[in-house]
Each structure stands twice: as C-alpha cells, then as structure tokens.
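Chain and residue survey
As a plain string of letters, each chain reads:
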Amino acid sequence: MTSRQSGSAEHGGGVRIDLHAHSTASDGTYSPEQLVRSAREAGLDVLAITDHDTTGGWERAAAARPPGLTLVRGAELSCRWYGTEPSIPLHLLGYLFDPAAPELAAELTRVRAAREVRGERIVELLRADGVDVDWAEIRAAAAGGTVGRPHIAQALIRAGLVATTAEAFTPRWLGERYRLPKDDIDVFRAVRLVRQAGGVPVMAHPRASRRGRIVPDSLIVELAAAGLAGLEADHEDHFPAEREHVRALAGELGLLVTGSSDFHGAHKTVRLGAYTTGVEAYRRIVAASSGVGVLTDPA
Ligand code: AMP
Ligand code: FE
Ligand code: FE
Ligand code: ZN
C-alpha cells in the first residue's frame, strides 16, 4: 500500500524546504517581508533568502518571518573559475555565514561595486546603438539592492523593446550582444571565505547550460576537496538527466544535494517551493554551520 502521508521526515515527508530565493535586496521583485510571508503561504516550512552578493535583506526578512517559517540566511555569490580561457562565471550559495566576517564582507562589497560598473557599461553599449535606457533610472529602480541584468531587462521592457525578462535574456539582448563580464570572486577563494565565516557553500545550478557555459565535473571534484559542501540538483534550469547527473556526482564526492526554486518574483515564472530540499540535506547544512543560526518560528 502506498500513501502520500507515509514518507518519514528523514525523506522530507511533510517538511517543505526551499533553499534559494531572491528579494528586492537583489533581482527579485518581492520585498524581504513579502518573500517570507509568501513562502509560508506557499506551504514552506523552511526558506533561505539568498540574494546576489548581499546580506541586505536579512534583517527585514528576519523581522517579518511568519509563524511556522524557519529562515535560513544566505547569499548567492557571483563567482568565476579562472582555470580556463575564457573564464566561466558560476554561482555559489553560502548559507549561515557570519555577515561581519571581514574578508567575505569586503568581497561582497567589491562585487556589488563591480556590478555597478558593468551595469553602466552595458547601458552605454545599448545607448551607443540608439537604445534609450537610462542608468540613473535603472539604479533608482534597483532601490539600493544589488544591481543585475534583470534590472536592465526591466528598462528594455519599459522602452517597449522586449516583452518579457526572458526575451531580454536572448542573445540579441542581454544574453550575448549586451552581456559583459563582471569582476567576480575566484570560486576557490569564495568557498574558502564562506567556510572561514562559518558558512556552508553549495554550488547553485551547476549544469544550467542554457544560461551559458558550465564548468566540468573535474572542477567540482577540486572544489569538493577545497571545502564545497553540496550541489543544487533540482532546479528549473536542469533537465531531468542533468539532475540525475548532479545527484550521482554528489554521491561520489560525498556532497549533499539540494533542490530549490531560485524564486525571483515576477522576474521569472518559477514559484516558491517548486523544487525542494530533503530534511537530511538541510540538517547537514545546519550542522556544518557556525556563522549564524537558523531563525525558527517566532511564535
Ligand atoms: P547578472 O547577475 O547581472 O549577470 O544577471 C543574471 C541574473 O539574471 C540571474 O541571477 C537571473 O536572475 C537572471 N536571468 C538569467 N537568465 C535569465 C533568463 N533566461 N530569464 C530570466 N532571468 C534570467
Ligand atoms: Fe538572479
Ligand atoms: Fe544563480
Ligand atoms: Zn539565484
């Protein structure tokens, strides 16, 4: 006899955990308050706030968390593997690190500044081609949050040049023609700094090939030896075969496996809790951390 209720907590039965979501502190469209409230409304028990290169949403998310929701504080670090030519960008999720750890905090500040430089250059390229977008307006719309291409995408939509964020990321626009590299964090350094800060590093969407070039498994082997704790397998940018591949690789390397929505509000179509993480992997992340604790139900 099978029952949907029969899953044990060890296998995630009943406990819904989404470890990757963005707020207006970066390129999401929900405020940190809306994000935590919506997470609970979506039936989640645990949510990680993981804005790009910032901990700027942590306080507001923490203060607004509704009864029944446990908040994991994290960030998604813009990294790069410099061991190949040209270098390959990749995203590293860092969970439960100390936001005051000086070296990591300095790197996040530096990358956010690099994003501003690069954003303004992209706007200059667009304007040189006669596209009427305005950097000051784009920055204002980001409202102090980490600026990214999704904010430029909104300006292209406002200008009537594209209909959707997805269209803005096609090769004709921000996907290639007007894509410029950022000055990212060396991925080995990022893994080290997250660990140093008591955090737990997990590679985000390692096989998301439709976003650009992906790193070889041999790099993931090296990163595991350098302190990487886990791999995000279940993600909308992974095909089923890629999810299985990531799972198998994690198994070989003794890494934990996560699944997450990578929710961005209206900037993407994916919904909160669309992919989830098992309780066992979540417990391993919490056990491996020593930076900040999870914030449990305030009630
Ligand atoms: P950036 O961090 O400025 O390089 O911009 C990358 C961000 O753009 C990612 O974090 C996603 O939020 C978003 N993004 C990338 N590709 C797409 C896409 N095809 N459709 C919508 N958003 C995308
Ligand atoms: Fe994003
Ligand atoms: Fe990402
Ligand atoms: Zn993300």
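This write-up is about the structure you can find in this document. (Residues numbered from 1 in each chain as written. Chains lettered and ligands numbered in written order. Predicted model: local features only at pLDDT ≥ 70, side-chain atom pairs only at ≥ 80, totals over all residues. Heavy atoms only, no water.)

Topic: the site of ligand 1
Quick reminder of the rule: Whether a residue is near a molecule or strand depends on its heavy atoms: it is near if one of them lies within 4 Å of it. N or O atoms closer than or at 3.5 Å make up a polar contact, with two conditions inside protein: a donor-capable atom paired with an acceptor-capable one, and, for residues adjacent in sequence, both atoms drawn from side chains. Each helix is a run of H or I in the DSSP string that is no shorter than four residues. Each strand is a run of E no shorter than two, and both are numbered from the N terminus.
Every one of the 14 residues lining ligand 1 counts as a neighbour, but His52, Arg115, Arg118, Arg149 and His264 are closest to it. In the model, an oxygen atom of ligand 1 is placed 3.1 Å from a nitrogen or oxygen of the Asp27 side chain. Within the contact set of ligand 1, an oxygen atom lies 2.8 Å away from a backbone nitrogen or oxygen of Arg149. Residue assignment for the shell around ligand 1 shows that the elements contributing at least two residues are helix H3 (102-128), helix H5 (149-158) and helix H6 (165-168).

Some points on the coordination of the zinc ion (ligand 4)
Put simply, the rule reads: For Na, K and Ca the donor cut-off is 3.2 Å; for every other metal, N, O and S atoms count as donors within 2.8 Å. Water does not enter the count, which can leave sites looking incomplete. To sort residues, take the accessible area from a 1.4 Å probe on protein chains only and compare it with the maximum for the residue type: under 20% means buried, over 50% means exposed, and anything in between is partly exposed.
The protein atoms that coordinate the zinc ion (ligand 4) are His20 (NE2), His22 (NE2), Glu76 (OE) and Asp262 (OD), at distances spanning 2.1 to 2.2 Å. Taken in sequence order, the residues that donate to the zinc ion (ligand 4) follow the motif H-x1-H-x53-E-x185-D. Between the two metals, the zinc ion (ligand 4) and the iron ion (ligand 2), the spacing is 4.6 Å. One end of the pair, His22, is in the loop between strand S1 (17-18) and helix H1 (32-41); the other, Glu76, is in strand S3 (residues 70-81), with 54 residues separating them in the sequence. Considered together, His22 and Glu76 belong to a single accessibility category, that of buried residues.

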